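Descriptive analysis of the structure
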Amino acid sequence: QVQLVESGGGLVRPGGSLRLSCSASGSIFSFYAMGWYRQAPGKQREMVATITSGSDTNYADSVKDRFTISRDNAKNTVYLQMNSLKPEDTAVYYCNAVRYSDWYWGQGTQVTVSS
């Protein structure tokens, strides 16, 4: 069992930056692939970025070259650095942990990009 708690969301102007954090507890963090997903109003949840236990990364085309996912296994934390934010990045961002067939989700943190 893994518990995930996101933080770092908020209101930011277009072109601005935010860094999301996801703190994990309850299991061996380094064993898990981690990811960030987002869900905008009226839309399905979509993958934003993932990072494997070996730190291989994958990004949605819409965020490539703007967002960076990273992990600190010593702190049981995964980060999402978001730069050059756009209004279409507005969504609830969810942290995700996966190992084999076990998926875990955080409660989400709101990111709003607006002038």
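Refer to the structure printed above.
Residues numbered from 1 in each chain as written. Predicted model: local features only at pLDDT ≥ 70, side-chain atom pairs only at ≥ 80, totals over all residues. Heavy atoms only, no water.

Structural notes on the pairing of strand β4 (residues 33-39)
Heads up, the rule is: Categorising residues by exposure relies on relative accessible area from a 1.4 Å probe, with only protein chains included: less than 20% of the type maximum marks a residue as buried, more than 50% marks it as exposed, and the intermediate range marks it as partly exposed. Each helix corresponds to a stretch of at least 4 residues labelled H or I by DSSP, and each strand to a stretch of at least 2 residues labelled E; elements are numbered beginning at the N terminus. A strand pair is defined by DSSP finding two or more bridges across the two strands.
When you tally the buried positions in β4, you get 5 out of 7 residues, the bulk of the element. Two strands pair when backbone bridges link them, and β4 and strand β5 (residues 46-51) are joined in this way by 5 bridges, in the antiparallel orientation. Considered in β5, the bridge of W36 is made with A49. Counting the residues between successive antiparallel strands, the hairpin from β4 to β5 contains 6 residues, one of them, G42, with a positive phi of roughly 80 degrees.

Examining the pattern of salt bridges
Defined as follows: For this document, the term salt bridge refers to a Lys or Arg side-chain nitrogen within 4 Å of an Asp or Glu carboxyl oxygen.
Applying the stated rule across the entire model yields 4 salt bridges. The salt bridge partner of D61 is K64, with a shortest N-O separation of 3.2 Å. For D61, a relative accessible area of 66% translates into the label exposed. Looking at K64, the relative accessible area reads 42%, which means it is partly exposed. R66 serves as the salt-bridge partner of D89, at 2.8 Å between the closest nitrogen and oxygen. Here D89 is found in the loop between β8 (77-82) and β9 (91-99), whereas its partner R66 is found in the loop between β6 (57-59) and β7 (67-72), with 23 residues between them in sequence. On the basis of relative accessibility, which here comes to 1%, the residue D89 falls in the buried class. The buried category is assigned to R66, whose relative accessible area is 10%.

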